[in-house]
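# Coordinate analysis (summary)
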Amino acid sequence: MNWSGYYKLDWQDRVQYLVDHHLIDGNQAELITENYNPVGDQLVENYLYNFGVPTGLLTDIKVNGEHKSVPMATEEPSVIAAANNGARMLNQGDGVRAAFKQRLIRGQVIAINLEDAEAFQDYVEQHTAELLAVANQAHPSMLARGGGAKDITIEPLDINTVAVDILVDPCEAMGANVVNTMAEAVAQDLRSAGFEILMGILSNYATEALIEAEVTVPVVALKTKQGMTGAEVAEKIAQASHMEQLTPYRAVTANKGIMNGVEAVVLASGNDTRAVNAGMHAYAAESGQYKGLAQWLVSDDGDYLHGYIKMPLMLGVVGGSIGIVPAVQLNQQIMGNPDAQTLSAIVAGVALAQNLAALRALVSSGIQAGHMALQAKSLALQVGATVSEVPLLVAALTKSKQINQASAQALLEDIRKEMR
Ligand SMILES: CC(C)(COP(=O)([O-])OP(=O)([O-])OC[C@H]1O[C@@H](n2cnc3c(N)ncnc32)[C@H](O)[C@@H]1OP(=O)([O-])[O-])[C@@H](O)C(=O)NCCC(=O)NCCSC(=O)C[C@@](C)(O)CC(=O)[O-]
Ligand SMILES: NC(=O)C1=CN([C@@H]2O[C@H](COP(=O)(O)OP(=O)(O)OC[C@H]3O[C@@H](n4cnc5c(N)ncnc54)[C@H](O)[C@@H]3O)[C@@H](O)[C@H]2O)C=CC1
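Everything quoted here is computed from the prediction, not taken from an experiment.

## A look at the overall build of the protein chain
The secondary structure content of the protein chain amounts to 16 helices and ten strands. Considered along the principal axes of its C-alpha atoms, the protein chain spans approximately 80 × 70 × 40 Å. Burial statistics for the protein chain: of 420 residues in total, 47% are counted as buried. Across the protein chain, the fraction of contacts at a sequence separation of at least 24, relative to all contacts at a separation of at least 6, is 69%. Surface exposure of the protein chain reaches about 20,800 Å², of which carbon and sulfur atoms provide 53%. Averaged over its 27 positive side-chain charges, the protein chain has a centre that lies 12 Å from the centre of its 45 negative ones.

Following this line, the structure appears as structure tokens:
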């Protein structure tokens, strides 16, 4: 097959090309057509169709004194139920408090093959004001909004390599493109001054945008239907949380659980999930050992469970695809059209809610009871149940306590026999 120039075809011809070359059949072309979206066609290259991600609601999480409803986009069963469950417990205290100390994005301009790295550093120090002006002239509207390039720091990388780091306040944007534009302008300026510059690019390791969130939950909110007291559950959650500081094998799983919620809100809010993920995981390993991002401790009097999380989070409420995709605008509206800091506080709150629900399940009934009960619906669809058969099969699976593909298939056959 010759794919050269495929990207120049219009959408209909791109789909027809797949049919003509037997990559898809006519029914599948229809599926693509049903899911065509003109906005999608403008957003990505070689566009075929919009791949739908189910979006559900976290109905109520109290963050910085405000009750928020939060759309979450995820394909994984039980994540949204768990977020609701976690938030239900967090809300029984005063809710989550979350804030940034600063919120800046970093651009790196990397100078290489320096004959005298110290002389280069002196040059940058002496020309800091000029370099900041070059950065700000590259995107003047950010300065006009009260943001823009704020500081320049120097990061020696080896004997003849130095990164000049520009720290930028992107206001309500995430700032990746803004910073890249500034970094390239500074790179050009340094080239004109005679230095060899390898590249200018933002860093997704957002250590100047660390959000800290904390919550205090009365232990009574944690008691289980199976009879564990809140105090018992709290004690075990604190122990479980400590394990994440001891072994990276446990920490990665716990952080995956946190990302269940974080990524679902980041995606629904039109933000860049990859940027958030990369920064989060790097930060989890900042001590040299990968650790859990959240920590839970029982208060001295035993009455409260205290949760804390600190993570890099650079999100925007303008820029990128945010203003373009109608579903994103809808999701922002459901959250009350938050500003960038409020959206970040919501995400940090969801991180705590998600982690609390997962840990509580792990140390009480185990994860499978809640997770697999909700997974049963996907399993039913997987084995070919029709939409009207799904509730019957889910009920049968839950009763059988054998939530796997083989038993789903067998139970579906039984249901069909009975229906005949
Ligand atoms: C699944 C539950 C919530 C059941 O929990 P439950 O205690 O059986 O549920 P409940 O019926 O008592 O309901 C309690 C609350 O949960 C919410 N809730 C309950 N069901 C629903 C639902 N269908 N849809 C929406 N919300 C739901 C809802 O807020 C409800 O309050 P109410 O509205 O009744 O006042 C619980 O077992 C749980 O939180 N489990 C954790 C599940 C989880 O974390 N799933 C993520 C996938 S596993 C994973 O990827 C990560 C992990 C776990 O490995 C991370 C780690 O290891 O740390
Ligand atoms: N490594 C990474 O993370 C990279 C990410 N990206 C992508 O970059 C996009 C985000 O970049 P941005 O620079 O945030 O978007 P952007 O390029 O759309 O810039 C934001 C725009 O919004 C305008 N704006 C209007 N009102 C504003 C306000 N109140 N505050 C701030 N800006 C305002 C700015 O002037 C600017 O033109 C995302 O789509 C991301 O996926 C791009 C390159 C690399």
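Here the narrative resumes, following the displayed structure.
## So, the domain arrangement of the protein chain
Here the domain parsing of the protein chain yields domain 1 (6-43), domain 2 (55-101 + 210-364), domain 3 (105-203) and domain 4 (370-419). Domain 2 and domain 3 are separated by 34 Å when their C-alpha centres are compared. Contacts between the two partners involve ten residues from domain 2 and, on the opposite side, six residues from domain 3. Carbon and sulfur atoms supply 66% of the area that domain 2 and domain 3 bury against each other, a total of about 590 Å² over both sides. Considering only the surface of domain 2 that becomes buried against domain 3, Met314, Val318 and Ala340 emerge as the three largest contributors, covering 60% of it. The interface formed by domain 2 and domain 3 contains zero salt bridges. In this structure, the connection of domain 2 to domain 3 is made through three residue pairs in polar contact (both at pLDDT 80 or more). Grouping the constituent residues of the side of domain 2 that touches domain 3 by class yields six nonpolar, two polar and two charged.

## A short note on the nonpolar core
In summary, soluble globular proteins display a tendency toward joint burial of nonpolar side chains. In this structure, Leu90, Val262, Trp296 and Met311 are the most contacted members of the largest nonpolar core, which totals 96 residues. Mapping this core onto the domain boundaries places at least three of its residues in each of domain 2 (55-101 + 210-364) and domain 3 (105-203). One finds Leu379, Val383, Val394 and Leu412 within the second-largest nonpolar core, a separate group that totals 15 residues.

## Structural notes on the pattern of salt bridges
Tallying each qualifying case throughout the model produces nine salt bridges. Arginine 250 is the salt-bridge partner of glutamate 244, the closest N and O atoms lying 3.8 Å from each other. The shortest N-O distance in the salt bridge between glutamate 389 and arginine 416 comes to 2.8 Å. Residue glutamate 389 is found in the loop between helix H14 (367-382) and helix H15 (390-400), and its partner arginine 416 is found in helix H16 (residues 405-419); the two are separated by 27 residues along the sequence. For glutamate 389, a relative accessible area of 11% puts it in the buried group. Residue classification places arginine 416 among the partly exposed positions, given a relative accessible area of 32%. Members of the salt-bridge network, linked through shared partners, are Arg106, Asp165 and Glu208.

## Notes on the sheet that holds strand S10 (residues 304-312)
The four strands lie next to each other as S3-S8-S10-S9, forming an open sheet whose pairing is antiparallel. The sheet is open, and its two edges are formed by strand S3 (97-100) and strand S9 (294-298), each paired on a single side. Going from strand to strand, the sheet's axes swing by 15° on average, the running direction of each strand aside. One ladder, built from five bridges, connects S9 with S10; its direction is antiparallel. Looking at S10, one finds that tryptophan 296 is bridged to glycine 307. Those strands touched by helix H9 (residues 230-246) are S9 and S10, and its axis lies near 140° from that of S9.

## Focus: the packing of helix H10 (residues 248-268) against helix H13 (residues 340-363)
With their axes 8 Å apart at the nearest point, H10 and H13 run at an angle of 135° to one another. On the basis of their axis angle, the class for H10 and H13 is oblique. In the crossing of H10 with H13, the sense of the turn from one axis to the other is right-handed. Residue-level inspection shows Arg250, Ala254, Gly257, Ile258, Asn260, Gly261, Val262, Val265 and Val266 of H10 in contact with H13, the latter providing Val347, Val350, Ala351, Gln354, Asn355, Leu359 and Leu362.

## Examining the pairing of strand S4 (residues 105-111)
The buried fraction of S4 is high, at seven of seven residues. Burial along S4 is two-sided: the residues Ile105, Gly107, Val109 and Ala111 and Arg106, Gln108 and Ile110 are all buried. Examined bridge by bridge, S4 and strand S6 (residues 161-169) share seven bridges and lie antiparallel to one another. Looking across to S6, one finds that isoleucine 110 is bridged to alanine 163. The pairing of S4 with strand S7 (residues 197-203) spans six bridges and is classified as antiparallel. What sits directly across from glycine 107, in S7, is leucine 202.

## Brief notes about the sheet that holds strand S5 (residues 148-158)
Spatially, S5-S6-S4-S7 is the arrangement adopted by the four strands of the open sheet, whose pairing is antiparallel. Every interior strand has two partners, whereas the edge strands, S5 and S7, have only one. Adjacent strand axes in the sheet meet at a mean angle of 20° when their direction is disregarded. In this structure, S5 lies alongside S6, joined through nine bridges in antiparallel fashion. Note on S6: the bridge partner recorded for glutamate 155 is alanine 163. Sheet contacts for helix H8 (residues 176-192): S4, S5, S6 and S7; angle to S7, the most-contacted strand, approximately 160°.

Cut-offs and rules
Residue indices begin from 1 for each chain and proceed along its sequence in written order. Throughout, the order in which chains and ligands are written sets their labels, letters from A for the former and numbers from 1 for the latter. Whole-chain, interface and lining totals are the exception, using all residues; otherwise, since this is a predicted model, local features are given only for residues with pLDDT of at least 70 and side-chain atom pairs are given and counted only at 80 or more. Neither water nor hydrogens contribute to the side-chain values; these are computed over all heavy atoms in the structure. Under the DSSP-based scheme used, a helix requires at least four consecutive residues in state H or I and a strand at least two consecutive residues in state E, with every element numbered from the N terminus. Note on classification: 1.4 Å probe, protein chains only; a residue is buried when its accessible area is under 20% of the maximum for its type, exposed when over 50%, partly exposed between these limits. Should any heavy atoms of two residues lie within 4.5 Å, those residues are counted as being in contact. Method for areas: the Shrake-Rupley scheme with a 1.4 Å probe, in which residue coverage is limited to the protein chains shown. A residue counts as positive if it is Lys or Arg and as negative if it is Asp or Glu; His and the chain ends are not included. Here the site of a charge means atom NZ of a Lys, CZ of an Arg, CG of an Asp or CD of a Glu. Reported domain spans reflect what an automatic or database domain assignment gives. Once two parts are brought into contact, the accessible area they lose, counted with a 1.4 Å probe and summed over both, makes up the buried area. What makes a salt bridge here is a side-chain nitrogen of Lys or Arg within 4 Å of a carboxyl oxygen of Asp or Glu, nothing more. Polar contacts, as used here, are pairs of N or O atoms within 3.5 Å; protein pairs need one atom able to donate a hydrogen and one able to accept it. Residues neighboring in sequence count only if both atoms are side-chain atoms. Throughout this entry, Asp, Glu, Lys and Arg are counted as charged residues, while Ala, Val, Leu, Ile, Met, Phe, Trp, Tyr, Cys and Pro are counted as nonpolar. The remaining residues, Gly among them, count as polar. In these notes, a set of buried Ala, Val, Leu, Ile, Met, Phe, Trp, Tyr and Cys residues joined through side-chain atoms within 4.5 Å is what counts as a nonpolar core. Think of it this way: DSSP has to see at least two bridges between two strands before they count as a pair. Where helices are involved, their axes are fitted lines through C-alpha atoms of the stretch in contact, as for all axes, and angles between N-to-C directions lie from 0 to 180°. Should an angle lie under 35 degrees it is considered roughly parallel, over 145 roughly antiparallel, and from 65 to 115 roughly perpendicular; all remaining angles are considered oblique. Should the near helix be turned anticlockwise from the far one by less than a right angle, the crossing is left-handed, and should it be turned clockwise, the crossing is right-handed.

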